[in-house]
Structures are given as structure tokens and as C-alpha cells.
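A structural walkthrough
Read off the chains here:
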Amino acid sequence: MSRKVVNATVNGEPVEFLAGGGQSLLDALRDELRLTGSKEGCGTGDCGACSVIVDGRLVCACLMLAPEAEGKRIETIEGLADNGHLHPLQHQFLEHAALQCGFCTPGLLMASKALLDRNPDPTETEVRYWLAGNICRCTGYDKVVRAVMDAAADLRQEKPR
Amino acid sequence: MSGVEYLSPGSVAEAVKALQVEGARVMAGGTDLLVQMRVGRAKPRVVVDLKRIPGIADIREQDGAFIIGAAASGAAIGEHEGLRKAWPGVVEAANLIGSTQVQGRASLGGNLCNASPAADSVPALIAAGAACVIAGPKGEREAPVEAIQTAPGKTSLAANEVLVAFRLPKRAVYSGDAYLRLIPRTEMDIAVVGAGVSVTLDASGKCVDARVSVGAVAPTALLVEAAGAALIGSSFEEVALAKLEAAVAAAAKPISDKRGTAEYRTKVAAVLARRAALIARDRAKA
Amino acid sequence: MSDGNQPPANLKVVGTRPIRPDGVDKVTGRAQFGADFHLPGMLTGRIKRSPHAHARIVKIDVSAAEKLPGVKAIVTGAEFDVGAGGDIEAGEHAAAMKDVADNCLANGKVFYKGHAVAAVAATSPEIAAEAVDLIEVAYEVLPHVVDVDAAMAPGAPVLHEDMFTKGVMPKPAKASNVAQKHVMGRGDVAGAFAAADVVVEGRYTTAAVHQGYIEPHACVAAWGADGQSTIWCSSQGQFLVRAMTARILNLPLSDIKVIPAEIGGGFGGKTTVYLEPVALALSRKCGRPVKLVMSREEVFLASGPTSGSSMDIRLAATKDGKLTAAEMTLRYQAGAFAGSPVNLGCMTAFACYDVEHLALVGYDVVSNRPKVAAYRAPGAPMAAFAVECAIDDLARKLNIDPIDLRIRNAVKDGAKTVYGATVRHSAFVETLEAVKAHPHYKAKLGPGQARGVAAGFWFNIGGESSAAVHVDEDGGATVVSSNPDIGGSRASMAMMAAETLGLPIERVRCTVADTTSIGFSGSTGGSRVTFATGMAVVEAAQKVVADLKRRAAQTWECDVAHVDWKDGVATCLDPSKDVKPLSLKALAGKSARTGGPIAAEVSLNAQGAAAGYGVHVCDLEIDPETGRTTILRYTAAQDVGRAIHPAYVEGQLQGGAAQGVGWALNEEYVYNAKGLLDNASFLDYRMPVASDLPMIDTILVEAKPNPRHPYGAKGVGEVPIVPSLAAVANAVSAIVGRRMTSLPLSPAKVLAATRAS
């Protein structure tokens, strides 16, 4: 088996891990780095539970090869809270009860973060279409969408434009 | 996936060389290849990742024409203002491929070379008259997009050829394009039917050029010349649109599968082609 | 607590919306789900599955796989020792253990594509996959049948040579695919139909649909050298996993410890075992921990969807809209083994309505599909689809408002259901009236839009539960629950304990215990946890309060009858004592001097779970040229008793409605001509995504708190999927201009119907 050393930045920390040529970034995060917050719901890019941000772009970690991560900046759910302080999205998800089982939640949060990073004032429709790649089977999305909209408002207030 | 070797060549020449190896597969965004590897449908020995080749993911404007790198992501295509303005149909088609997450990776090159009959960007590119820039051991060649797919999963590219970029021609003054697809949900589905239309009008609004392409109704995306001909010379009157619909329905040779029935695909292909033609017309006028 | 006692008013915690105690873990990625465990020396397991719909296993050759370096164990169904089998009570159904074992690993025959045949454990996922490829299975392929009506037809391939339809006298001479016939009814149906002013009838079908939880089944099993083993798994019931695994491997219950992981959705689908006995058999064989995780494809192929169905229905009514009689035949797919929820379909079909004359026949039918598993109100949504569509037809025929027609026929307290229960604490009429008064129901529809209304019922259950409440030395408390928290139940458990103890919610935490750390409990299912386990929590907290009062009395040297407990503080009512009140914190701080640790555990068998009723309203429009449906507005109302944590109750209503919309519009198991499942992926199974749905309004009807629960709770999780199929279908039918009788209402079907009408 040809495993290569990969150097990347994960949640601001430099990391080094071994990756097989056909191994997904998701498997590397979960099995090599033990960052199990990113979930596998399908392994084929259809559910979004493994959403992470790579060099500022939202991707499914299951649809990226681990060796591709060389030199990349990766953000996962484990890095969303800042030194133990919840991100406004995390806070609003809790306030709104926007999770039931919580399995899709890490992916939804990372996808929502990627949205608010580029669109601080999304409409409900924009939120719904942006999050269409994150399947939640528990909530019917109502509270998720409300939580994202309210977190956007919180962030706008924090950083007045 | 044991024994898969990952290569990320730094130039097109290196990529072409890497593809000499038996069992090598090109990867651009990887959103199809990784799924096929996961379910065991693709078992490459070597994965040749194009994305470290300088310029392979760039979008450039050149004297009104556009060069889109084969590995440019859907997200990057959607963010390119000039391209969006000149070729809104191509951009909307590219942006319909998969979720936001998939958009961060999926490329036009991959969408075409994966050779799915239902690939969203392909009918839009064919309608747009786009050409492919292909590199091989003997240098570069160009081919129209409609010459690439030959059958589901098969292309006319040699095993050691790499699709490098798409070339979209300079737009005439009154021209516009559009792409529509039908999926049962609003997102996350493979097109049951897709239709791309590009038109050019004269100052009076009469159609002087039109290309119509439909997807998911035949083994490959179809360029329906008779449908384009139905529009040329018309001002999109009912008669012309009915002719366009008839031409599309006649050209469609769909199968029934888990995603839709042949009868439904044929009907809806005609409906979408007409709707896309009208959107393209409105964009041409604007 | 007896009927007629009203639950207490002036509640401080119950009815509020605090942040769930496990919330931060779930939004930071710290929560450990089934696949997140890792043990030293752990092996990866993988399962070899049938490529055929129906075949006899001629031979399984594992010799090549065994020789592959890194392969540590291979098992087949021969490792199982289920003996005589027997049943295990699994909440809403009894599981036949012989069938559960044969479903985990095939025994002689495979009954569907994806049926497990053998399993390997190896040192890496790659080696495990290669080993699975090296296992050679010789099959004799047999004719297959996947459609329920085709499976009942004479001459259909018979799956089980020993299946003779139960419930038929005399016992049939020939084996068939009909496992059981259920008959229930009352009155003079023929006479009532003969006398009816108006009759409506229809034949309805629904497709098999999957629960669609996002977390695939996952477990880790570790066999100990002393025969004692541990299983970490994602399931709806750690005790059920223990019971089933022990039975299948013929082990004593006390030798297996099951530690429940966080569970990434279940909806009933995780109330059985697929992996745990296999993983433990592998671990037993090689002495190392084994992890087994399903892929999404395996989840679709081999874990339970719920039944597809075909149903015939006739309703009789007077011209002013009083239902007088109904007859209905229900045919439900059971999948590979007996046990569809058709009996529950029969029981719930007319549970919303007061119908004097009823005749119901249900057929439980096997076919070459995965064995069905429970799915949210198992059996009820399909039956309600047919009933609520027929009632919609009746409303149209009689030109009566569909809600008025339902109010006219709504079941009321004291009525007898067809299955013999007496209706109690029902607020169905109030729920209908709440919908009628809601702005949604009065809102004007745009051109080309239509509104659908439908109702639904679920029993809700109680049953065996255990819980403990521990008072910490600093005056906080910990609740130990016996049920996996699938949707926020830690919050409601902690809230009920906080309310009873008089503590702020932030001072009460809740944990879910393993099988060795708390008394037995039934599974998380049947909408029973807030009711039954909640009752155990409250009783444990009440015991703690009694103990605290005793300790206060001891401190004050007064009669315990003179100690009042309110808001977490003991006050002495004896005027002769000049003492200051004692807080829970003060009492906890000196517990060592007043009798030792303060804790109580309660195990009970909760009775008196009141049924729930839901009414949904759906507005939609259809693209007339493509048949695509767009949901525009949706409101779900429900008789909830009293909502402990209203936000999570709303979430149940919204989530159930969303699942029902998927069932109605797009979801289905698609089979090809070879009887093989053709759409085993989220991509092609087509569950609703965020952009498919509008906001889902909710109306929590709290008109009838359940007096059998200390805080008035009813189960709420299952009702909300029941009305949604017909709510959607009734609106679609209104636009199409003809009755749509077959789910899913795919664009192709709708377009064809639109063109035909």
C-alpha cells in the first residue's frame, strides 16, 4: 500500500498524517486524526454530514482524497468554537432546538458557516438552497433555517458593516 | 481502496505522461470518480489529479471569448461576473451540478468526461458551441463538445489525452443562452431531462442563429439541429415553438429507468426546450 | 395518579425551552455516535451480501479469504445458536428470533439483494473488503417476487416452504407468502352499506419507504476471555440489543454489557439488530474487538424499510355526512420474513372516527425485499392515506368542509375503538377546531393552488422503564435515564426532575446508562420515553423529595408531616419551631450526617399512555407541463397532552410532516426486473432537502393534559407522520382533478393523470 505523508493545517494547527492514495479526507480525519466530529452518512456526497471547509470552500470530506489535502487549510466542526466559546451558529442551533439526533448537525453547522462567511444577510430561500446538500431527517429544516437566519443577525450585530 | 497511487502532476505534459500507466484515471473535482471508487464501479490503480497544474482551474476572457479551465469548480464559475453575463445558461448549468459542497469541487471537464447522459453542463456547452482543448502526447487539439461523449461512460478521448479547457466563442450583440432541467426535488438530483438553448437575434428580435441541446434523453447529450432550425427566422411565435418541441420530441430516444420513464422524458424535454428558448430570447433582448 | 386528576399548574420548568443538557456536545462534534468508538487492536468487519433477490445457498467457500494475511475471523449463520427461537418483545411488535437471526446472517436461503451471507474481520478496511470478495458463494437462483399483490397471487414463488397462513381456519393445505390474516370489525356492515345514502370507494397503493436516518448502523463488539463481552452501538434500545444478541448467540444476558452510543436517528429502524450478533461472533472467534459499520447502500439494501401496501376501502355515510360503515382490506409487505405492521394498520385505520359498522381485513405478506422494521407509527400512515383520501372524496361528494366532516365524525372520550380500547383524554375535536381557526385554513389560495387536509392517530405506549435521580453533594442533581436519547429526551427528563425537585434546570444533568447501570427499560420507541421513562424520573425525584423532607424533619426534630417542600426548599410548618428553611443544597451538603447519599431509582411498568391525534394542512401547486409539485405552506396540529419542552415537541411535528411529504411525493424503493433494489442511495431515494420545504407551522393543542402522567405528557413522536401522506395527496388530487391513489406522487404520475383528466 502506498501511503504518503500529508502536511496540512487543520483548525489552525499544522498536522501531519499518513494517507493512502484512495483514502478519502473524511477517513483521514476520522481514522488518522481521530477528529470524529465529521460524520459519514453516505460516503458519496449526498448527505453533507461530512461537510468541512477547505481553503475557504465548503466540500464534502468524503469527496476529496486525503493526499489532496497537502498544504491545504481545513476547518472542521472541532474548530468552530473559539477556545470554548460557541460560535453564534452553535449558540442559535441550541437556542432553537435545531437538532434532534445531532448527527447531521456538524455538517449543517460547517455548511452554514461557509454561507455566512460569504453572505452575511441571506434570505430564507438562499439558506434553504445553500443547505440543500445537508440532509436532516429529524427536524424538517424549519428550526435549522431559523437558527441560521438568527445567527446571521447575531454576526451582523457583532461586526457592524 | 488499497494500492491506489495518487499523483498530482505540475504540468499538462506530466499529466499526459502519468496517464501512460495502465489503470490510470484523470481526476478533476473528483465528485464522480470518488463515488465510483467508493461503490466499486471504478478501480483505478493511479489517480492523476489535475488541480495542481497551473491555470487548469482558471477562467480567462480573451477578446470577448472565454477560456474555462477544465478543473475550474462550479463555485468559481458561478462567481465569475464576466462569464455569468456572457453565458448565463452555461453558468446556470454548471451551478446545477450537485450541492453547494459538490460545487466547491465539481468541474466542467469532469462533468463532460464522466460521460453521463444526464450531465447538466453538457447540453448548455453544446448549445453554446463550446470547443474542448485537449492535450495529448502529440500536443494539443480542439474538438466540439458534442464530439466528446460517445456512449454512457465513454468518450472519444484517448487514454493518454487530457481535457485542458473549454473555449466559449465571443458573443454577438443580441444573444443569450439558458439551461433548464427537471428533477423531482429542488436540488440534489440527477437530471431526469435537461435542455440548453443558445440564440442570436437581429435588432428586430428575429432569431438568426439557434442551437438546442437536450440531455438525459439519449445515450449522450444531443445537439438537435432541427430544433435550432425551427427557431431561425422566427420571432419565437407559437408555430416556431411547436416545431421546436416536435423536433426535440422526435430526436429524443430515452430509456425508462429509476429516474424517469421514456414517455415522460420525451414530453418534458420538449417543454423544457421551449421554456429555455424563451428565456434565452429574453436574455438576448436584455 | 388516577383519571380525573389534573396535572399541576403553575409549573416553573415544564413548558419552558431550555437548552438541552447534551447540546454542546452535539454542536461541537464531541458527541460519540456508533461509528466514533475506537479500541486498541480493533478489527474492521465487513459483510458479504447476496447479489440475488431469491436463491438457495449451495455452498459458502471461505478458504481463499481465510488465507489472506490480515484476516482474523470469518463467520456464517452456522455460528448462531438461536435454538427454538421464540419471540422477544420489541416495543410495538414481537420479534421472532429465528427470523432475526436468519436476517443477520442467512441460513440456507437468501431472500433479497443485500441479505447478509458471511462476515469477516480483518486488520484494515481494505483487507476486509478484499476478503469479502474472496468468499465464494454458490447459489441456485430461484424465481422472485417483490410486489405485494403478486406475492399473494396463486402460483407466486413461495419464499418459506413452512409458511401456512395464520388466522385462517382450517389451516391452509399449501404454503404461501401470506404469513397471517388479521380480521377485526363490528356491527352489520352489509346492512349499513345497503342503507347508505352515499358510498365512496377506492383502491390505494403506497411504496416501501425507508426511515432514512442519517447515521448508518454501527457497533463495536469486544469479547472477553472470560466470556463477558461489551458492545458499543447506536440503537433505540440497549436492553433490546442485549436480549437479541444473547438469544442469537445463546449467551446469558448478564454476560453482555451494551453501552448505548449517541444515536443518529432511528424512527423505529433501530429497534432490532443487524450487526451486533455478527460483530460479537467475529470477536468471539478471534478475541479482538470488531467494528462493523454499514455503508449507506447497505442501509438501504438490508435494513428495514416499512411496508409498501395495497388497500381497498369503502365508506358508507348519510347525506348529512355521518359515517355509518366502512370496510377495508389492507395488504402490507413484510419483506423477507413475517411481521408487517398490518395489524396496526387495521387498528389505527378508523381510530379517529366514530363508525358503528366496521370490517377490516389485513394480510401480512412476505416477498423478496428486506424485512420491514418499525417506522414512525408503524402501519398507520398507509392506512390513514387510504382512509383520509376516502373521507376527502366524501366531503367533496357531499359538499361539506373537510374539517367539518371530520368534526361530525370525530371520536370522543368514552367511545370504543375497534380493537377494544376505550377512548380517553382525547382532544381530536379540539385539534380539528384549532386548525379551523388557524390563519392558514382561512388563507386564500392563489390560482392553480390547492389545499389538502387530513387527520391521523397513534396509540402511544407506556411500558417498562427505569430511571434514577442522584442528588449531588453540592445540591445539583443527575438523572440517569434508561433510554437512548434520539431527539432531545435528556432535556425533558432533566426538566421533569428539576420541576419535581424545585431546582433550576441548569442544576440538573441527564445521562443515558448502559445495561449494567440502570434497571431494565423497553426501547426508545412507540412515543413512550417522555411518558413512561419520564414517569420513572418523576417518581424517583418524588422519592428524593420525600427523603429530603424526612431529613429536614430529622434536623428540626419535627414531624415530617410538618415539612413543606416548595421550589427546592424545605420549610417547617410547625409554629413551635423557630428554624430557618433548609434548601436542597443545604440538605445535600450534610447528607452524610442525615442518612447518607440521597438517591432513588424507580422501575415501573407505565400504564395510561393516552393516544394522540394530528391534523395537517398542506397548500401546494403543480407545474401543469411537468407534473412537479411544490409545497407552499404547511401546518401541523396535534393533541399533545402537555408539551414538556415545546420546542422539541414542535420539532417532532415538523420532522414527521417532512418525512410524510417525502413519502407522499418522491420516496420509494425501486426494483428492477431481476427483483434487485435499483436506488440504494440518498441520491436516488430522494428524501426532502431544505429547499423542498417551506416553514412548517405547528399548533400544540394542550386541551387535555394526560392525567396519567405527572405533568400531563402524551407521546408525540409518531402521530405527526400519519396525516401527512393524505394531506399532500388530497391537495394534489384537487389540482389534478381526479383522485390520486398511488404513492409516491411522482412528476411522471401526476403529469400522466393531469393529461388524462
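Right, let's get into unusual backbone geometry. Residue and element names in this part refer to chain C. Of note, the amide linkage connecting M169 to P170 takes the cis form, showing an omega dihedral of -10°. Mapped onto the fold, P170 is located in the loop between helix 5 (148-152) and strand 9 (178-186). Between L743 and the following residue, P744, the backbone shows a cis peptide bond with an omega angle of 0°. Mapped onto the fold, P744 is located in the loop between helix 20 (724-736) and helix 21 (747-756).

Of the residues lining the interface, 22 residues belong to chain B; the matching set on chain C comes to 22 residues. Taking both partners together, chain B and chain C bury about 2,100 Å²; carbon and sulfur atoms supply 50% of that area. When the buried surface of chain B facing chain C is broken down by residue, B:P184, B:R185 and B:K258 rank first, second and third, together holding 32% of it. The interface formed by chain B and chain C includes six salt bridges. Among the ionic pairs, B:R275 bridges to C:E625, the shortest N-O distance being 2.8 Å.

With that settled, the discussion passes to the domain arrangement of chain A. Residues and elements named next belong to chain A. Its domain assignment divides chain A into domain 1 (3-79) and domain 2 (88-158). Taking the mean C-alpha position of each, domain 1 and domain 2 sit 21 Å from one another. The interface of domain 1 with domain 2 comprises 16 residues on the first partner and 14 residues on the second. Note on domain 1 versus domain 2: buried area summed over both sides is about 1,200 Å², and carbon and sulfur give 63% of it. The three residues of domain 1 that bury the most area against domain 2 are I53, L58 and I77, which together make up 37% of that side's buried surface. Where domain 1 meets domain 2, there are one salt bridge.

This part takes up the pairing of strand 18 (residues 323-335) of chain C. Walk down a regular strand and you will see the side chains alternate between the two sheet faces. Residue and element names in this part refer to chain C. Of all 13 residues in strand 18, eleven are buried; the element is thus mostly enclosed. Bridge count between strand 18 and strand 19 (residues 357-366): ten bridges; the pairing is parallel. The residue of strand 19 that forms the bridge with A325 is H357. Note on the crossover from strand 18 through helix 10 (residues 342-349) to strand 19: the handedness is right-handed.

All right, on to empty space enclosed by the protein then. All names here are of chain C. Scanning the entire structure with this criterion turns up eight cavities of 30 Å³ or more. Estimates place the volume of the largest cavity at around 680 Å³. If you go around the largest cavity, you meet 42 residues; those closest to its centre are I486, T524, S527, Q652 and G717. Elements with a minimum of two residues in the lining of the largest cavity: helix 15 (489-501), helix 16 (529-556) and helix 18 (646-665). Taken together, the residues of the lining of the largest cavity sort by class into 15 nonpolar, 21 polar and six charged. For the lining of the largest cavity, the domains that each give at least three residues are domain 1 (23-31 + 462-606) and domain 2 (379-460 + 610-756).

Our next topic: helix 4 (residues 125-134) of chain C. Each full turn of the α-helix corresponds to 3.6 residues, which orients residues three or four apart in the same direction. Considered for burial, the residues of helix 4 of chain C that qualify are C:I127, C:A128, C:A129, C:A131 and C:V132. Residues of helix 4 of chain C that are buried in the fold lie against strand 1 (43-49), helix 2 (63-67), strand 3 (71-76) and strand 7 (116-122) of chain C.

Calculation criteria
Counting of residues starts from 1 at the beginning of each chain's written sequence and follows it residue by residue. Think of it this way: whatever chain is written first is A, whatever ligand is written first is 1, and the rest follow in order. Local features in a predicted model are, by the rule used here, given only for residues with pLDDT of at least 70; side-chain atom pairs are given and counted only at 80 or more, and totals for whole chains, interfaces and linings are based on all residues. Side-chain measures were taken over the full set of non-hydrogen atoms in the model, leaving aside hydrogen atoms and water. Numbering goes from the N terminus for both helices and strands, where a helix is a DSSP run of H or I of at least four residues and a strand is a run of E of at least two. Throughout, a residue-residue contact means that at least one pair of heavy atoms, one from each residue, lies within 4.5 Å. The buried area of a pairing is the accessible area, by a 1.4 Å probe, that goes missing from both parts when the two are put together, added over both. What counts as a salt bridge is simple: a side-chain nitrogen of Lys or Arg found within 4 Å of a carboxyl oxygen of Asp or Glu. Here the bounds of each domain stem from an automatic or database domain assignment. Partly exposed residues are those whose accessible area sits between 20% and 50% of the maximum for their type, while under 20% is buried and over 50% is exposed, using a 1.4 Å probe and protein chains only. Note: two strands are recorded as paired if DSSP finds a minimum of 2 bridges between them. The crossover handedness rule: strands pointing away from the viewer, path from first strand over the helix to second strand clockwise, crossover right-handed. Buried and open spaces are told apart on a 1 Å grid over the protein atoms alone, a cavity being a set of points where a 1.4 Å probe fits but cannot get out and a pocket being an open set with protein on both sides within 12 Å along at least five of seven lines. Residues with an atom within 4 Å of a point are the lining residues. Grid points are joined across faces, edges and corners, and a volume is the space filled by probe spheres set on the points. Nonpolar residues are Ala, Val, Leu, Ile, Met, Phe, Trp, Tyr, Cys and Pro. Charged residues are Asp, Glu, Lys and Arg, and all others, Gly as well, are polar.

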